[in-house]
Amino acid sequence: MTQEWDLPDPFVIELEVQPSAIDEYGHANNAAYLRWVEQVSWAHSEHLGLDLARYRELDRAMAVHRHELDYLAPAFEGERLALATWIVGCDGRLTLTRRFQLVRPADGRTLLRARTRFACIELSSGRPRRLPEEYVAIYGGALVAE
């Protein structure tokens, strides 16, 4: 089955729902979905050339300002999932916005749609700081229109 994504050119990782993600209701806990969102964000940043080491060198990081997660269907232990992300906003000054879509390829069902807004901070102080030109060029260059 070919997956139809909400937006073009997604960055995608594959996941398998581990027993540790399962809660008392017998499905993946909402916190697991949030961890997966963080996982794909880092994987995409690393793919673009901005890993944690580079963040530290520049003394800048993209810190979560706001998460919006719409849980649409449950995931169960052992299921294989595909999680896509796109950069849909980069103001060139302080913020970056990503979108996410979590899909179960076995039936094509979308389990989650999410959006995260990040703000650039100085790692050494935790204070908001302007995006380095490198971030603007790399993240801005990866922008996908919504």
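Being a predicted model, the structure only gives us computed values, none of them experimental.

## As for the sheet that holds strand β2 (residues 60-71)
- The sheet built from five strands is open, its strands ordered β1-β3-β4-β5-β2 with antiparallel pairing. At either margin of the open sheet sits one strand with a lone partner, and together these are β1 (11-16) and β2. Adjacent strand axes in the sheet meet at a mean angle of 25° when their direction is disregarded.
- As defined by bridge partners, β1 adjoins strand β3 (residues 80-90) across six bridges and the pair is classed as antiparallel.

## Structural notes on unusual backbone geometry
- Here the phi dihedral of Asp9 falls at roughly 50°; this positive angle occurs in a residue that is not glycine.
- You can see Asp9 is positioned in the segment before β1.
- Its relative accessible area of 67% is what places Asp9 among the exposed residues.
- Positive phi is not limited to glycine here, since Asp59 has a value of about 55°.
- Within the secondary structure, Asp59 is located in the loop between α2 (52-58) and β2.

## As for the nonpolar core
- Tyr33, Trp36, Leu81, Leu83 and Leu102 are the most contacted members of the largest nonpolar core, which totals 20 residues.
- When contributions to this core are tallied by element, the ones reaching two or more residues are β1, α1 (30-48), β3, β4 (95-104) and β5 (109-122).
- In terms of residues, this core owes the most to one element, α1, which gives five residues.
- Discounting residues that sit within four places of it in the chain, Trp36 has contacts with Leu15, Val17, Ala21, Ala28, Leu81, Leu83 and Leu102.

## Comments concerning the layout of surface pockets
- Approximately 330 Å³ is the volume found for the largest pocket.
- If you trace the largest pocket, you find 22 residues lining it, with Glu38, Trp42, Met62, Val64 and Phe118 closest to the centre.
- Of the residues contributing to the lining of the largest pocket, the split by class is 14 nonpolar, four polar and four charged.

## Some words on the pattern of salt bridges
- Under the defined criterion, the tally for this structure stands at 15 salt bridges.
- For Asp107, the salt bridge is made with Arg104, and the minimal N-O distance between the two is 3.2 Å.
- On the accessibility criterion, Asp107 (42% relative accessible area) is partly exposed.
- Arg115 serves as the salt-bridge partner of Glu146, at 2.6 Å between the closest nitrogen and oxygen.

## What about the packing of aromatic side chains?
- This model, assessed by the stated rule, comprises six aromatic pairs.
- With a centroid separation of 5.8 Å and 80° between ring planes, the pair formed by Tyr135 and Tyr139 is classed as edge-to-face. Within this pair, Tyr135 and its partner Tyr139 are both found in helix α3 (residues 133-141), separated by four residues, close to a single helical turn. Each member of the pair, Tyr135 as well as Tyr139, is classed as buried.
- Through pairs of rings, three or more aromatic residues link up here, namely Trp42, Tyr55, Tyr135 and Tyr139.

## Structural notes on α1
- Compared with the 27 Å implied by 1.5 Å per residue over 19 residues, the 28 Å span of α1 between its first and last C-alpha is a close match.
- Inspection of α1 places Ala32, Tyr33, Trp36, Val37, Val40, Ser41, His44 and Ser45 among the buried residues, and these make up the whole buried set.
- Just past α1, the residue Gly49 takes up positive phi, approximately 100°.

Parameters at a glance
- Residues numbered from 1 in each chain as written.
- Predicted model: local features only at pLDDT ≥ 70, side-chain atom pairs only at ≥ 80, totals over all residues.
- Heavy atoms only, no water.
- Pairing = 2+ DSSP bridges.
- Helix = DSSP H or I, 4+ residues; strand = E, 2+ residues; numbered from the N terminus.
- Axes fitted to C-alpha atoms, helices over the stretch in contact; angles between N-to-C directions.
- Buried < 20%, exposed > 50% of the residue type's maximum accessible area, 1.4 Å probe, protein only.
- Core = buried A, V, L, I, M, F, W, Y, C linked by side-chain atoms within 4.5 Å.
- Contact = heavy atoms within 4.5 Å.
- 1 Å grid on protein atoms, 1.4 Å probe; cavity = no way out; pocket = protein on both sides within 12 Å on 5 of 7 lines; lining within 4 Å.
- Points joined across faces, edges and corners; volume = space filled by probe spheres on them.
- Nonpolar A, V, L, I, M, F, W, Y, C, P; charged D, E, K, R; others polar.
- Salt bridge = Lys/Arg side-chain N within 4 Å of Asp/Glu carboxyl O.
- Phe/Tyr/Trp six-rings, centres within 6.5 Å; stacked < 30°, edge-to-face > 60°.
- Expected span 1.5 Å × (residues − 1).

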